[in-house]
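# Tertiary structure, described
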Amino acid sequence: MKCQKIPFWIIFPLLFPLFAFSQNLPIQTTWGDTTLTEKLVRVLPDGEELFVIGHVGPDIIYQRLGTNHEVLFEATYSYDDTDDVELYPNDAIITEDGEIVIVGEIFHRSSENLSGLLYKIDKAGHKKWDIVFDNSGENEADIVNEALRSIEQTSDGGFISTGFTNNPTQDAENNQAFGNNMLIQKMSPLGLSEWTYIIETEGNAVGVDAKETPDGGFVATCDKQKEDGTYNVYVVKLDEAGEFEWELDVENPNNGGCKDMIVKENGTIVIVGEMAINKHPEFDIYVVHINPNGELIHQYSIPNKADKVDAGFSIQAYGEGHYVIAGYGYNEVSDQTDIILVHTDGYEHVFDRRFYGNDGYDIGLDISLSPKENRFLIAGGSFHQGSMQFILIEDEILPIPLATEMPAKVMDGLVHYDPLSSNIYLNLPSTMNGLVDYELFNHVGQ
């Protein structure tokens, strides 16, 4: 892999007009080369430092930003000296040793095959190592497509990732329709494979996110194709050795999928993505809660405009039981698709919905909580001045509403407290007959 450092004085004149040089919020910064396609996939705040990872043309780009999001340093990473490949980052993390690991895929133009990529750099932009995953055999016909979509460092210092793999040659020989199998990849601290778990399905299945769980195992999410060709969310739990524990098909009559996941300290899994409503092609932001045993707690969509498309791409926990979600959504004011920020409590209450962007299509791909109190950062892409460019937003999270300000909401099959009336509701199925015993506990188990 080749790393090319670009002196800041060359790119500064192009960036100057769109930078905000004050701490008045929001700070929205758009920059890039108008002749190339560019997006940020991750923003990585680390104390007083701020880093972003994205792609520019066929290469991965790494930038260190200043207080007002001005570019202080930049490096691009390509694959050797060939023009035959394109690199696409999908996720990145800051590791325990203070360096950065990027995960993604390599697209080989001549063969149209994909390889998974793990790439480590230090904060100065120097390459430490890279690992390519493609499960290749000795013959060209044995080449297997592979892509990695997420990365998290595990408690043993290694990494867990998910994505997909397939063998297009084998599919053709067996007259099978083209499809992907979900892949879960455990790696050592040096990025070497320790074990691989593959879930084969009759349709298409693409791993989206993988996390370590409080019990030392791993959970991974997937967009899984149903018999009718539409998609639902699939979740699988493995133990620390990569052995199967449980799986869950999050059944929904509509078409949708997942984009991001968090695992809370108590093991609860919260997933964000997109879901169509009533079999319409349009999507809304979609949230799923699953308990540590693989049982569905609830799923719901956050509606916007019935004939427009919204999607959640990234989620962060904020406060006790609250979440901030970033993605894209229809903005009635601008009459276009902009970056959306939604603040919810996971029970269909929406406390805040804001839009950001420029004069074209905008998408938020990642949200991170800023080290600055009550602030968030959203990274993504903005169609501006004729091309997709980098965009970064910094803004304030509004205070969590008091309980008395929360709207009442009754959820099917759940106990719900209405703070306005101080009543507790238990919504039971209308088909239930006879007497049923229920016990009600408070938040400390009393």
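Numbering of residues starts from 1 in every chain and runs along the sequence as written. The predicted origin of the model limits local features to residues at a pLDDT of at least 70 and limits the giving and counting of side-chain atom pairs to 80 or more, whereas totals for whole chains, interfaces and linings rest on all residues. Side-chain numbers here rest on the full set of heavy atoms in the structure, without hydrogens or water.

## Structural notes on the pattern of salt bridges
By salt bridge we mean one thing: a side-chain nitrogen of Lys or Arg within 4 Å of a carboxyl oxygen of Asp or Glu. Summed over the entire model, instances satisfying the criterion amount to 21 salt bridges. The salt bridge involving R109 is made with E86; its shortest N-O contact spans 2.8 Å. Separated by 23 residues along the polypeptide, R109 in the loop between β8 (100-108) and β9 (113-121) and E86 in strand β7 (residues 85-94) bring together distant segments of the chain. Per-residue accessibility, obtained with a 1.4 Å probe over protein chains only, is compared with the maximum for each type, and a residue is labelled buried under 20%, exposed over 50%, and partly exposed between these values. A relative accessible area of 36% means that R109 is categorised as partly exposed. With a relative accessible area of 15%, E86 lands in the buried category. Sharing partners across several salt bridges, the network here consists of D97, E99, K120 and K128. Segments assigned H or I by DSSP are reported as helices when at least four residues long, segments assigned E as strands when at least two residues long, and all are numbered from the N terminus.

## Regarding the nonpolar core
I53, I60, Y62, Y77, I100, I102 and I121 are the most contacted members of the largest nonpolar core, which has 23 residues in total. Residues within four places of I102 in sequence aside, it is in contact with I53, I60, P89, D91, A92, L117, L118, Y119 and I121. Only buried Ala, Val, Leu, Ile, Met, Phe, Trp, Tyr and Cys residues count toward a nonpolar core, and they belong to the same one when joined by side-chain atoms within 4.5 Å. Counting residues in hydrophobic clusters, the runner-up holds 15 residues, among them V208, V219, V288 and I290. By the convention used here, residues are in contact when the closest approach between their heavy atoms is within 4.5 Å.

## Observations regarding the environment of N68
Considering the arrangement of structural elements, one finds N68 in the loop between β5 (59-65) and β6 (71-78). Its relative accessible area of 14% is what places N68 among the buried residues. For N68 and E394, which are 326 residues apart along the polypeptide, the C-alpha to C-alpha distance reads 9.4 Å.

## What about the sheet that holds strand β10 (residues 127-133)?
Only when DSSP finds a minimum of two bridges between them are two strands counted as paired. The four strands lie next to each other as β7-β8-β9-β10, forming an open sheet whose pairing is antiparallel. Across the chains shown, the open sheet's two edge strands, defined by having one partner strand only, are β7 and β10. Mean inter-strand twist for the sheet, computed between neighbouring axes without regard to direction, equals 20°. Where β8 lies against β9, nine bridges are found, and the strand directions are antiparallel. Pairing of G104 across the sheet is with L117, part of β9. Helix axes are fitted to C-alpha atoms over the stretch in contact, other axes to C-alpha atoms as well, and angles between N-to-C directions run from 0 to 180 degrees.

## A look at the state of the cysteines
By convention in this document, the label disulfide applies to cysteine sulfur atom pairs within 2.5 Å. Using the criterion set out here, one finds zero disulfides in the structure. No disulfide involves C222; its nearest neighbouring cysteine sulfur is the one of C258, lying 6.8 Å away. The exposure class assigned to C222 is buried, which follows from its relative accessible area of 1%. The exposure class assigned to C258 is buried, which follows from its relative accessible area of 1%.

## Focus on the sheet that holds strand β24 (residues 311-317)
Strand order across the open sheet formed by four strands is β24-β25-β26-β27, with antiparallel pairing between neighbours. What marks the edges here is a single partner per strand, and that holds for β24 and β27 (350-356). Between one strand and the next, the sheet's axes are offset by a mean angle of 25°, whatever the strand orientation. Sheet topology places β24 next to strand β25 (residues 323-331); six bridges connect them, and they run antiparallel. Its bridge partner being in β25, S314 is matched across the sheet by A326.

## Some remarks on the environment of D352
Looking at the secondary structure, you find D352 in strand β27. Once the C-alpha coordinates of D352 and V324 are considered, the two residues, 28 residues apart in sequence, prove to be 9.1 Å apart. Residues contacting D352, with those up to four places away along its chain left out, are L341, V342, H343 and L398. Engagement of the side chain of D352 in a polar contact is seen with the side chain of R354, the distance being 2.6 Å. Pairing of N or O atoms within 3.5 Å defines a polar contact, subject to two protein rules: one partner must be a possible hydrogen donor and the other a possible acceptor, and residues neighboring in sequence count only if both atoms are side-chain atoms.

## Some points on the packing of aromatic side chains
Each pair of aromatic rings taken from Phe, Tyr and Trp, with Trp reduced to its six-membered ring, is defined by centres within 6.5 Å and is described as stacked if the planes are under 30 degrees apart, edge-to-face if over 60, and tilted in the remaining cases. Scanning the entire structure with this criterion turns up eight aromatic pairs. Note on Y62 and F73: the rings are 6.2 Å apart at their centroids and 65° apart in plane angle, and the pair reads as edge-to-face. Of this pair, Y62 sits in strand β5 while F73 sits in strand β6, placing them eleven residues apart in sequence. For Y62, a relative accessible area of 0% corresponds to the buried category. F73 sits in the buried class, given a relative accessible area of 17%.

## Considering the confidence of the model for the protein
Per-residue confidence from the predictor is given as pLDDT, running between 0 and 100. Looking at the protein, the pLDDT average stands at 84 and 78% of residues meet or exceed 70. Here residues 2-22 scores under 50 on pLDDT; set against residues more than four positions off or in separate chains, the count is 42 contacts. Segment residues 137-141 is flagged for pLDDT under 50; beyond a separation of four residues in sequence, or across chains, it makes three contacts in the model.

## Digging into unusual backbone geometry
Between L25 and the following residue, P26, the backbone shows a cis peptide bond with an omega angle of 0°. Along the polypeptide, P26 turns up in the loop between α1 (8-15) and β2 (27-31). If you check the backbone angles, E112 has positive phi at about 60° while not being a glycine. Take E112: it is sitting in the loop between β8 and β9. With a phi angle near 55°, D335 is a residue other than glycine that sits in the positive phi range. Following the sequence through the fold, D335 ends up in the loop between β25 and β26 (336-344). Judged by relative accessible area, which is 52%, D335 ranks as exposed.

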